Each structure stands twice: as C-alpha cells, then as structure tokens.
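Observations on chain architecture
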Protein chains: 2
Amino acid sequence: MGSTRRKFLSAAGAAGLGAALGAPADGAPADGALADGALAAERDAEQIEFFGAHQAGIATPTQQYLQFLALDLVSDAVEDLRAVLQQLSAAARLLARGEPVGPLQTGALPPVDTGETVGLRPARVTITIGLGPRVFARGRFGLAHRRPAPLVELPSFAGDALKSGISGGDLCVQVCADDPQVAFHAAHDLIRLAAPAALPRWLLAGFGRISNSRSQTTPRNLIGFKDGTDNIMVEDHRELERFVWAGAPESPAWIHGGSYLVARRIELLLTPWDDSPLDQQQDAIGRYKLSGAPLGERHEHDPVDLRARAGGEPVIPSDAHIRLASPGYNHGQRILRRGYSYVDGLAQGSAAAGLLFLCYQRDPRAQFIPIQRRLASGDALNAFVQHVGSAIFACPPGAHPGGYVGQTLLGGG
Amino acid sequence: MGSTRRKFLSAAGAAGLGAALGAPADGAPADGALADGALAAERDAEQIEFFGAHQAGIATPTQQYLQFLALDLVSDAVEDLRAVLQQLSAAARLLARGEPVGPLQTGALPPVDTGETVGLRPARVTITIGLGPRVFARGRFGLAHRRPAPLVELPSFAGDALKSGISGGDLCVQVCADDPQVAFHAAHDLIRLAAPAALPRWLLAGFGRISNSRSQTTPRNLIGFKDGTDNIMVEDHRELERFVWAGAPESPAWIHGGSYLVARRIELLLTPWDDSPLDQQQDAIGRYKLSGAPLGERHEHDPVDLRARAGGEPVIPSDAHIRLASPGYNHGQRILRRGYSYVDGLAQGSAAAGLLFLCYQRDPRAQFIPIQRRLASGDALNAFVQHVGSAIFACPPGAHPGGYVGQTLLGGG
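Residues numbered from 1 in each chain as written. Chains lettered and ligands numbered in written order. Predicted model: local features only at pLDDT ≥ 70, side-chain atom pairs only at ≥ 80, totals over all residues.

**Side note on the overall build of chain A**
Quick note on the threshold: Secondary structure counts use DSSP, requiring at least four H or I residues in a row for a helix and at least two E residues in a row for a strand, with both numbered from the N terminus. Three exposure classes are used, all based on how many other C-beta atoms lie within 10 Å of a residue's own C-beta (placed from the backbone): buried at 20 or more, exposed at 12 or fewer, and partly exposed between those limits. Contact between residues is assigned whenever the C-beta positions, reconstructed from backbone atoms, fall within 7 Å.
In terms of regular secondary structure, chain A is built from 11 helices and 11 strands. By residue count, 53% of the 413 residues in chain A fall in the buried class. Counting only contacts in chain A whose residues sit at least 6 apart along the sequence, the fraction spanning at least 24 positions is 75%.

**Section: unusual backbone geometry**
Geometrically, the link from A195 of chain A to P196 of chain A is a cis peptide bond, its omega value of 0° lying close to zero. In this fold, P196 of chain A is placed in the loop between α5 (180–194) and β4 (198–207). Positive phi, close to 55°, is recorded for A123 of chain B, a residue that is not glycine. Inspection of the secondary structure assignment puts A123 of chain B in the loop between α4 (78–96) and β2 (126–131). When the 24 C-beta atoms within 10 Å are taken as the criterion, A123 of chain B is described as buried. You will see that H331 of chain B, though not glycine, has its phi angle at about 55°, which is positive.

**What to know about the relation of the copies chain B and chain A**
The condition is simple: Our superposition of the copies is a least-squares fit, built on the C-alpha atoms of residues whose pLDDT is at least 70 in both.
Under the fitted operation, chain B is carried onto chain A by 0.0 Å of movement along the axis and a turn of 180°, and the coordinates agree to an RMSD of 0.0 Å. Taken together, the turn and the small shift mark the pair as related by a two-fold rotation axis. Considering only C-alpha atoms, the part of chain B nearest the rotation axis is D344 of chain B, at 3.7 Å. A symmetric contact is evident, with 100% of the interface residues of chain B recurring at the interface of chain A.

**Regarding the environment of E235 of chain A**
Looking at the element boundaries, E235 of chain A is found in the loop between β4 and α6 (237–243). Sequence separation between E235 of chain A and S215 of chain A is 20 residues; the distance between their C-alpha atoms is 9.3 Å.

**Considerations on the pairing of strand β11 (residues 385–395) of chain A**
Residues and elements named next belong to chain A. Quick note on the threshold: Note: two strands are recorded as paired if DSSP finds a minimum of 2 bridges between them.
For β11, the buried fraction is high: nine of the 11 residues fall into the buried class. As defined by bridge partners, strand β5 (residues 259–268) adjoins β11 across 10 bridges and the pair is classed as antiparallel. For Y260, the partnering residue across the bridge sits in β11 and is A394.

**Re the nonpolar core**
Basically, it comes down to this: Throughout this description, the term nonpolar core refers to a group of buried Ala, Val, Leu, Ile, Met, Phe, Trp, Tyr and Cys residues whose C-beta atoms join them within 7 Å. Marked domain ranges trace back to an automatic or database domain assignment.
Ranked by size, the top nonpolar core spans 230 residues in total, and within it L69, V175 and A183 of chain A together with L69, V175 and A183 of chain B carry the most contacts. Looking at this core, you find at least three residues from each of domain 1 (1–14 + 45–132 + 168–207) and domain 2 (152–163 + 209–398) of chain B. Apart from residues no more than four positions distant in its own chain, V175 of chain A is found in contact with L66, Q67, L69, V125, I127, A183, A186 and A187 of chain A.

**Examining the interface of chain B and chain A**
We count it as follows: Each residue is assigned to one class: nonpolar for Ala, Val, Leu, Ile, Met, Phe, Trp, Tyr, Cys and Pro, charged for Asp, Glu, Lys and Arg, and polar for all the others, Gly among them.
Tallying the contact residues gives 53 residues for chain B and 53 residues for chain A. Secondary-structure elements contributing two or more residues to the side of chain B that touches chain A are α5 (180–194), β4 (198–207), α8 (278–285), β9 (340–347) and β10 (350–361) of chain B. Counted by class, the side of chain B that touches chain A contains 28 nonpolar, 16 polar and nine charged residues.

**Regarding α5 of chain B**
Note the cut-off: Between the first and last residue of a helix there are one fewer steps than residues, each counted as 1.5 Å, and that sum is the expected span.
With 15 residues, α5 of chain B extends 21 Å from end C-alpha to end C-alpha; this agrees with the ideal 21 Å at 1.5 Å per step. For α5 of chain B, the buried fraction is high: 15 of the 15 residues fall into the buried class.

**Focus on the pairing of strand β1 (residues 65–73) of chain B**
The two faces of a sheet get side chains in turn, since along a regular strand they alternate between them. All names here are of chain B. The buried fraction of β1 is high, at eight of nine residues. Alignment of β1 against strand β3 (residues 171–177), held across seven bridges, turns out to be antiparallel. In the sheet register, A70 faces β3, and the bridge partner there is C172.

**Side note on the environment of L278 of chain A**
Structurally, the position occupied by L278 of chain A is in helix α8 (residues 278–285). Here L278 of chain A falls in the buried class, since 22 other C-beta atoms lie within 10 Å of it. Taking C-alpha positions, L278 of chain A is 8.0 Å from K289 of chain A, a pair spaced 11 residues apart along the chain. Not counting residues within four places of it along the chain, the set of residues in contact with L278 of chain A comprises K289 of chain A together with Q105, T106, G107, P110 and P111 of chain B.

**Quick look at the packing of helix α4 (residues 78–96) of chain A against α5 of chain A**
When two helices pack together, their arrangement is given by the angle between the helix axes and the distance between those axes. Residue and element names in this part refer to chain A. Keep this limit in mind: Axis definition: a line fitted to C-alpha atoms, over the contacting stretch in the case of helices. Angles run 0 to 180 degrees between N-to-C directions. The scheme is simple: roughly parallel for angles under 35 degrees, roughly antiparallel for over 145, roughly perpendicular for 65 to 115, oblique for anything else. Whether a crossing is left-handed or right-handed is set by the direction in which the near helix is turned from the far one by less than a right angle, anticlockwise for left-handed and clockwise for right-handed.
For the pair α4 and α5, the least separation of the axes is 9 Å and the interaxial angle reads 150°. Considered as vectors, α4 and α5 are oriented roughly antiparallel to each other. As for how α4 packs across α5, the hand of that crossing is right-handed. Contacts between α4 and α5 involve V84, Q87, L88, A91 and L95 from the former and A186, D189, L190, L193 and A194 from the latter. Here the residues of the contact of α4 with α5 are counted per class, giving eight nonpolar, one polar and one charged.

**Details of the confidence of the model for chain A**
Cut-off, in case you're wondering: Per residue, pLDDT measures the predictor's confidence, with a range of 0 to 100.
Confidence in the prediction for chain A averages 91 pLDDT; 89% of positions are at 70 or higher. This stretch, residues 1–35 of chain A, has a pLDDT under 50; its non-local contacts, to residues over four places away or in other chains, come to 41 contacts.

**A short note on the environment of R138 of chain B**
Residues and elements named next belong to chain B. Residue position: R138 is located in the loop between β2 and β3. Overall, R138 belongs to the exposed group, with 10 C-beta atoms counted inside 10 Å. With 53 residues separating them in the primary sequence, R138 and L85 have C-alpha atoms 20 Å apart.

What follows is the structure in structure tokens.
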C-alpha cells in the first residue's frame, strides 16, 4: 500500500497536484508530510480502495456516518455527464486515500480543497456513484437504448407522501465514513467539483448504521430495535452474487458487477410509537426489543419460524414487519441494506427522527418493489412511519486505475 | 403518565433502579447485568459524574456530539417548574451512568426508556440545564425578584436575522456525548419526561466540537480553520473562576458556581467563502489556515501579537476575527466556548452548514455582549456568516446527591 501511494504521489506530482500544493508559507508541515512514517501506517488501515471490480460502499462493512447527495445535471451534453463522472471519480480516489481533492496553498486563488479534514485520517471513507432513470430519458444524452431494464421508475406505494425536493436525482453520491467531518468534507467538495454541470438536489446526513457484516454487533435504530440481524452480510459472497451484483440476463453488460440502489427517506412518528405498549412494539416488528430474538425464540440469531403457532395464533403476527419482509414471503428474494438514522430538529412534539433506507440489489423489479408493495399494504409498522423521499439509481461497476465510474457506459479515458 | 413517572422515579430512588426494571421475559440478559464485571470497568471510564459543585458539560472536555434542546413551560405553576427540573435531573443522573431512564420491560405498558441505547456505553454523556429569562418574568412563577442581573435579554446586533422558532426557550438542555446515538437518546427521552409541563421549542444536532482542553488537538470547523486554539481550557482553574463561574457581587447566591450560557445559531455561507482566495480567508480569520498560527507567526500556539506591523500595515488586519474577539480588545474579557458544527441539507447551492456557537461566562453584560457588538460591527467574517438563532440561559450550580439542578432557586427535595 505504501508503495502504491508513493507511486500515486509521484504521478500526482507529474500531473501538477504536488507542485500546486507547494511549500507552505506559514511553517506548517507540507501536506505530503502527512503521508510519511507512522501516520502513513495508521492511514493505510483506514483506507478502503476506490478501484476494484465493484464500487466501494456497497459490499463494504457499514461505516458509522453518511452523507447522501443527489445531483441534477444542468447540461444535456453527454460530454458534460462524462466529465462530471470523471471529476467525481478522480476526487473519490484521492479522498479514499485521505488526500485533498486539490491544492490547499493557493495564495491569491480560492483553495480547491476546502480544508476541513487536513490532519484527519481517511476514516474508511467510500464514495459510491449512481445514475438516475432520467439520465436515460429519450432525447437527453442519447442513452435511452442503453437503459438497463431493472432501472425502472418506482411505482407509487400505498401510504407514500413523497416530496419531490427530497426525491429523485440524476446522479447520487453515497458518502460513508467513520468520521462525520470526513463524510461532510467529501460531500462538500464533491458538490463544488460537480458544478456547474451538475447541481445538488438533496443532501442528508446520517448516523447509526445498520450492520451488514459478521464483524459488527447489530446496532439499534431510533425506535430502539436491533436493525440488520437478517441482512445479507458482506462476507456472504454467494448471496452477493445472487442478490446484489447486476448481471445477465436482465442487465446489459455495461453494468455487470454494479448494482441498483433504492433510497427511501422514512420519517418515524416517534410520539405514537413511544406511547405504544412494549407488546405492541414487539408484535409490530416480530422480534423482542431487548434481545432482538424473533418472537418465541431466545437469541438474536435464532432462525425466524414463520409457521410457529401458540394458542391457535401465529407467534409472529400476520402483519409483523419481519414476516412481510422475509424472503419466505417474497419468493426467496433478499436485499443488501445499508440504511442510516437521521435527526432533523423537531416534529409533532418529539425529535424529527427518521431512517434513510438504502438497499442494493440485482433487480428492483424482483426485490425492493414487490417487498415494499407487501409492506406498504400490510405492515403493522405503517402506523408509525411515513415514506417522504424516494429515489432509484443504477450504480456502475467499480473503476480500474486510469478509468472512472461510468466508463463502461460512456467510454473515454 | 406524569404521576406514573413520578411514582416510578421515587421508587427507583428508594429501591434502586434495577428492581424497577424487573426480569426480562425473553431470555435477554437482565438490564442490570450490563453493569456487571468487565463491562462495568469500561463504563466507569466513560462516565462523567452528574453531581458536583458545578454542572457537568461546562468545564468538561468537549465530547464529540451534541443535541441542544430548548423547551417552553406550558404551566405557570412554580411546582410544575420544580417538578420538571427534578425529573430532568433524576433522568440525567441515570443517563450519566449509562442506565435507562426507566423501565424497558413493560409488557402491556409503554416502555419508559425508549431503548435505543441498550448495550451502549455512557460515552461521557453530560446533561446541562439552564433557565431562560422568561422564567423570571413578572407574574409568571413569582421569581422576578430572584432574577440574576447578568441574565439579560440579548440586544439586537448588526446583521442579526433571527428566527423566533429557533431562538429563545424557557429551559435548555445541552446534551453532549462521544456517541451520537447516546446524545440522541438523552434528548429524546428528556423531551418525553418533561412533557406535558414543558414542550420542546427547538432541537439541533451537532458534531465537530471545538476544543477546550489541553488533552485535545484543535479540530477544524466547517470553513476549514482550527477552532478553539485560544479558548479557556478546562485545566485553567483560575480562568474558570474568573471568567466562567457565576459569583458575587453581580450574581445572587442561588447561582454561585453556575454560569450563563449564550447560544447563537450561525449559518455559514459556504459558497462565497469557498470561492474566496486563501489569502482573504486567512486575513478574515487572522490565522493561517493549515497551521493555525497567527498571521506572521509559525506555530498554532504562538502568541497573538496585535501590534505587529509589516510594510506599514498591521500583520493581523484591523477587521480580522481574532483581533476583534481578542481579550486585548475587550478589556481582558474571555469566554469558554463549546460550539459544535451542524449540517442541515442544502442552501444556496452548497451544504447548509453552520455553527451552534455556545459560550459560558460569568456575566454576559461584560463578556459575550460587548464582544459580539464589536464583531457584529466590524468582523471581516460577517460577509460569510449569518446569525439566525439566539438564546441565553442561566445555568444553576451542580446538584448534590438527593437534590436537583435548580434546587438553590426553588428549594424542595
């Protein structure tokens, strides 16, 4: 890793970045010095490689903080779309290594990197890029014939109360990191770098990830339940191949190894939830609140037995969330969730809390959409949640050194 | 609900909380078990004692996350005010120890503690309580004659664009913790426990503290500069006595050992800031961006020399933020800052970022107000910030075991 970075740094020098950083005028260590010695070793441990067969930030153990950014393209020229994706990819590669996205010591010019992470480690930051359905609209970029069949506009679901200002988007940038300052900085500087060809549409900060790795204990969401117990785990390569990575026959070759992301902004109605009896809360979820065990079982990871009955009634009620979301009720289908909690001031006498539900899958037509249809029509949790934002994105496969995310669709270098 | 909770709290006080929690029905470890063995030792290291001469959360090294809550009292009965303060204090004592604020295993009743921190450590949580000026309004609680002279309504400052919904409040609850879930949970459950006598007025989540301890490296704010270099440090007991703790002659005895908190919600206009040359940014602050050194110096902690000149001009410009805020320009006055960054979606084409500026002092009439007057009229930073929220609170001294915060004002047990 060290030698990779040295190579990068000399390449950056050749390309002008190192030179532009220049020698500091104020006695501070040169920026490059941050990569030397012991700090470099610590930094390596906190780096997640940007390049690879898949984009980072999907089958990556969830980091602790999120900034989710949606952008709209102002231009309808395909070269501008390509340039934005190249720009975002180049910056994402630097950010993943804990490097500034551009010069800091600029004298009479504005700094390119805004500087709020100078001295911080990479904090496992990942940047995951996706393309919304309107990128493939007829007569826009000339890409209508390349649109993947799984990239459908989501249908209306019962109970939806969607707001357009926090829905949709031509591009998405999911930033995850173990430091909220690092996540903020990435979103902040990527917004700057994408302008003026792309302008921000919505941005949401999150914390309190759900788990998606056997290395993590299952965290609790803001309604007090463990979330992620039955998630696809990033260690389950067979499940990832089967349920997460786009492939033949339903997806075109350019997105093989990529995935489809559905984002739903879900407000939690905390006051009625908090005022509900524990028994009702547990029946709504289908699990015990403290242990996380399925109702009728003892331990969090005990299998969910949807057929168990007691006193003539199903132990896990017919409208319990885990029953309706379960693979057993959805033709065996699963999704990889990596949602985050958010808080946004007050609403209705309590904290305005919510979940930015994020899920990755091979084909939303077979996965998110039928699962959400079932939940929207029958989930006991519906009394306590409201879907207010919605978006879908096609996330290309990972980039290779010298390339960018989207190159398989748009070509160029 | 109120009386149930009061009954519970007195039971918990008398018999110990563990008894009230009861045995779990689902095979989960009893809540009390979390306090056993090795976990207890780790927990101790993350506990900040609630009781003491001063409230925790003032001269406490800043934790990483904030939830700042302002409440309005619905009742004008002094017994209700006293009961709310007793309720908040009792819960704060439990939260500081990493204990739930009430029963979790409630069967057919709603849980008292909402549960989202079960299994988490205390994360150095502190809860700091204050009283706004309207608590002392004539004809309200009969406390007008007890109002401390330093608890004035803040005057209007040049450039203020205050919104009433995110300003003021009869009570404040500053929650700080090293885990955002722990901070959220405290705010969430304190809102519930304060109702119906007090209802939430505004709530803001923060991260990226400024430093106030020699044990911390100085973090950067969202405009990329180190923030807190010249703060009063919590290790400076003489400075705390002189500038932070309320005392004679200006404050009445009931608040001696307490402090006055000024909160200002300051929006950052990131786009014009980010588009400014580095030189202009540095001149506006009066420090170098990367090193944090005062202009003309080499190291962050080099003394600020306001008289230094070069080429006939002051090295630190006449409108630099650190010049106008400096003790040398303000009769030697200093304040203890513990502000936090926040992000709230988008504004004007960039992240809607800001600073919840929080400062503690002995007398705002001699400290915050004249300093802010000077800044409001001349600070070069004014082109890039806007004050949109404002509040002031009198924070009583700390509580003693068996007592509550506010007891020195309101009596009772």
